[in-house]
Amino acid sequence: MNITVNEGLSYIYGEEGRSKAFNISMGETAEFLKRFENPEIFINGKKKIATIIVGDTSNKAYKEAVKGLDNSHFKIVVKTCRNLATILVCGNTEYALMSGIEYFISKYFNEKTGGKAEVSTEIVEKFADLEKESSLIITSDRAVRDPQIFVKDGVYYMFGSHMASHYGMCTSTDLEHWSEPVSVCKIPEGKYLLDQQRCFWAPECHYYKGRYYMFATFKNPETLHRGSAVFGSDNIEGPYTLVTDGLMTPEDWDAIDATFYVDDNGQPWCVFVHEWTCMPDKVGSMCVVKMKDDLSGFDGEIIEVFKAKDPVWAKGGVTDGPFIYKMSETGSLIMLWSNQGSAGYLVGMARSASGNMEGPWVQLRPLLYSKLYGEEYDGGHGAFFKTNEGQLMLSIHAPNNPTNIILDQPASGRPCTAIFVPIEEDKELDMLRRVSGEDK
C-alpha cells in the first residue's frame, strides 16, 4: 500500500494507482489505518471502493451533509454509486469531527473485523461535545497524585502519593471535602531509599479473602531501582505491613504502579509498569503476572503485553497507572493506562482480544480523558470506583504538575488534585466512555 501526504496533512491510501482510498484529515487516524494491509469496506453487504472524507468543507457532498448540524453532534453519511462509495464524517467543531472518526474507526475497524468493515447507508448522528460535561466533574480539595478510591460503609477512602509519610489515606463523604491525610504504613528501615523524589508512589487498596491489601511502589536502597510490593491489614485504615519479602518485581527493573485483579477462575493477577527509565530504548511496557494465592509473590512468568508507543495517540515512552475493569454485559476486560499525548498526560484504554489477562491487548482509539476533549488541564493515572449512588467514576490527578510532587515543595500554578469523572459502559463499542451532559 502506498501512502502519501497532501498539504492539509491528509493521508491518501492507495494501491498502485487503484482508487481504494482514504482521505482523512487527522494523522492519528491514518496511522491507525496503516496497520491494516488491505482495508476493505462492505456497504450493505457489497464490497466497495471507498473514500472517507473528514471535515473537507471544499467538498460539495460534505457541505450539503453538514447543513443544519449543530456544534454538539457529528454525522456519518454514506453515499454509493455502482462499486464506489463516499463516507462523509461531518462536524462543525474540531472535537465533533474527532469524535466522529473515533466512532467510525472503533465500530468498523477494530481487532474483530481485521480491516474489513461492514457499513450501512443509514445516517448516524450522535452527541459529541464533551465540553458540556465539565460540570459533571467533581474536583476535590486534596492535593494528591495517583488517587485511588475504596468505598466502605458509605465512606470514600482515598489512597495516593505524597499525602503523608510513606503512604497516606484520607476520607470523605461527598468526594469534594477530605479529611487531613494520615499515614497508613511505614516501610521498615533498610527496605527503602528516601531519595529526592520521596519515592512512595501509587498505593492502591484492594479487598481480598477477608483482608485489605495495598499494592505500592518504593525504591530499593541496594539496587537503586524502584519496585512494587504488597502490604496487608485487617483494617482499611491500617496499619499495613509487608506481605511480600520487600519488592516482588525484578530487582534490576524499575517496576512501578502495581495493581490487582482476580479473574473468573479466582486466580489473582498483578499488572505493573516496566518503566521507561530502565529500558535501552526509553520505551516502557505493561506487564501481567499470576500471583500466589496469599499474595506473597508472583506465581509464574512475567508477560509483557504491550509497549508505550503501541497506540497511535502516544507521544512518549511512558506507561503509567494500569487498572483493570470487566465490562458487566460483554465480559470484556478493559485496561486503563496513561501516557503522554499531543495535549499532555491522558488516560487511554486497551481491550483484551482473548478476554484473558494474557491478551493480546488491543489499544482503543477513543481516549477516556484528555485535554484534547475541552478540559482545562491534562491528567491521568486513572482508577475506577462506584459512588454510594452506584455511578461508575474515574479518579485521576490533574493537572500533571511536576512541581508539587514533594511534600515540602510548594506548587507553582494550580496544585495537582484528585478529580472524579462519571463514566458509563458503551455496549455498542464494547468499551467505556464519559457520561455526557446530554445523557444527564
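Our structure's up above, just so we're on the same page.
Everything numeric in this text was worked out from a predicted model, so none of it was measured.

Rules of the game
- Residues numbered from 1 in each chain as written.
- Predicted model: local features only at pLDDT ≥ 70, side-chain atom pairs only at ≥ 80, totals over all residues.
- Heavy atoms only, no water.
- Pairing = 2+ DSSP bridges.
- Helix = DSSP H or I, 4+ residues; strand = E, 2+ residues; numbered from the N terminus.
- Axes fitted to C-alpha atoms, helices over the stretch in contact; angles between N-to-C directions.
- Salt bridge = Lys/Arg side-chain N within 4 Å of Asp/Glu carboxyl O.
- Core = buried A, V, L, I, M, F, W, Y, C linked by side-chain atoms within 4.5 Å.
- Buried < 20%, exposed > 50% of the residue type's maximum accessible area, 1.4 Å probe, protein only.
- Polar contact = N/O pair within 3.5 Å; in protein donor to acceptor, adjacent residues only side chain to side chain.
- Contact = heavy atoms within 4.5 Å.
- Phe/Tyr/Trp six-rings, centres within 6.5 Å; stacked < 30°, edge-to-face > 60°.

### Notes on the sheet that holds strand 18 (residues 241-242)
Strands sit in the order 15-16-17-18 across an open sheet of four strands; the sheet is antiparallel. Each of the sheet's edge strands pairs with one partner strand only, and the pair in question is strand 15 (201-208) and strand 18. As paired strands, strand 15 and strand 16 (residues 211-219) are joined by six bridges and run antiparallel to one another. Residue pairing across strands places W201 opposite T217, the latter belonging to strand 16.

### Topic: the sheet that holds strand 24 (residues 333-341)
Read across the sheet, four strands follow the order 23-24-25-26 without closing on themselves; strand pairing throughout is antiparallel. Only two strands of the sheet have a single partner each, and these edge strands are strand 23 (320-326) and strand 26 (361-369). Ignoring strand direction, the axes of neighbouring strands in this sheet form an average angle of 30°. One ladder, built from five bridges, connects strand 25 (residues 344-352) with strand 26; its direction is antiparallel. Across the sheet, residue M349 finds its bridge partner in strand 26, namely L364.

### Here we look at the pattern of salt bridges
For side chains bearing opposite charge, pairing can occur when the charged atoms are close. Within this structure, the stated rule accounts for 12 salt bridges. Via salt bridges that share partners, E424, D426 and R433 belong to a single interconnected network.

### Topic: the nonpolar core
Ranked by internal contacts, the top residues of the largest apolar core, which has 52 residues, are I41, F104, L368, F384, L394 and L432. If you tally residues by element for this core, the top one is helix 3 (residues 94-108), at six residues. Ranked by size, the runner-up nonpolar core spans 25 residues in total, among them V273, W313, A314 and W361.

### Regarding the side chain of D426
Residue placement: D426 occurs in strand 29 (residues 417-426). In this structure the side chain of D426 is engaged in a polar contact, spanning 3.1 Å, whose partner is the backbone nitrogen of L429. Residues contacting D426, with those up to four places away along its chain left out, are M327, M431, L432 and R433.

### Topic: the packing of aromatic side chains
Evaluated as defined, the whole model comprises 19 aromatic pairs. A ring pair is formed by Y156 and F385, whose centres lie 6.1 Å apart and whose planes are at 70°; its orientation type is edge-to-face. Residue Y156 is found in strand 12 (residues 155-161), and its partner F385 is found in strand 27 (residues 380-386); the two are separated by 229 residues along the sequence. Owing to a relative accessible area of 3%, Y156 belongs among the buried residues under this scheme. In this structure an aromatic cluster arises from ring pairing among Y167, Y192, F200, F218 and F231.

### Some words on unusual backbone geometry
Put simply, G238 and P239 share a cis peptide bond, and its omega is 5°. As for its position among the elements, P239 is in the loop between strand 17 (226-233) and strand 18. Note that the residue after A398, namely P399, is joined by a cis bond; omega there is -10°. Non-glycine residue R82 carries a positive phi angle of around 55°. Summarising the element assignment, R82 is placed in the loop between strand 6 (73-81) and strand 7 (84-91). Judged by its relative accessible area of 74%, R82 is exposed. The backbone phi angle of D257 is positive, close to 60°, even though this residue is not glycine. Following the sequence through the fold, D257 ends up in strand 19 (residues 255-262). Overall, the relative accessible area of 5% leaves D257 in the buried class.

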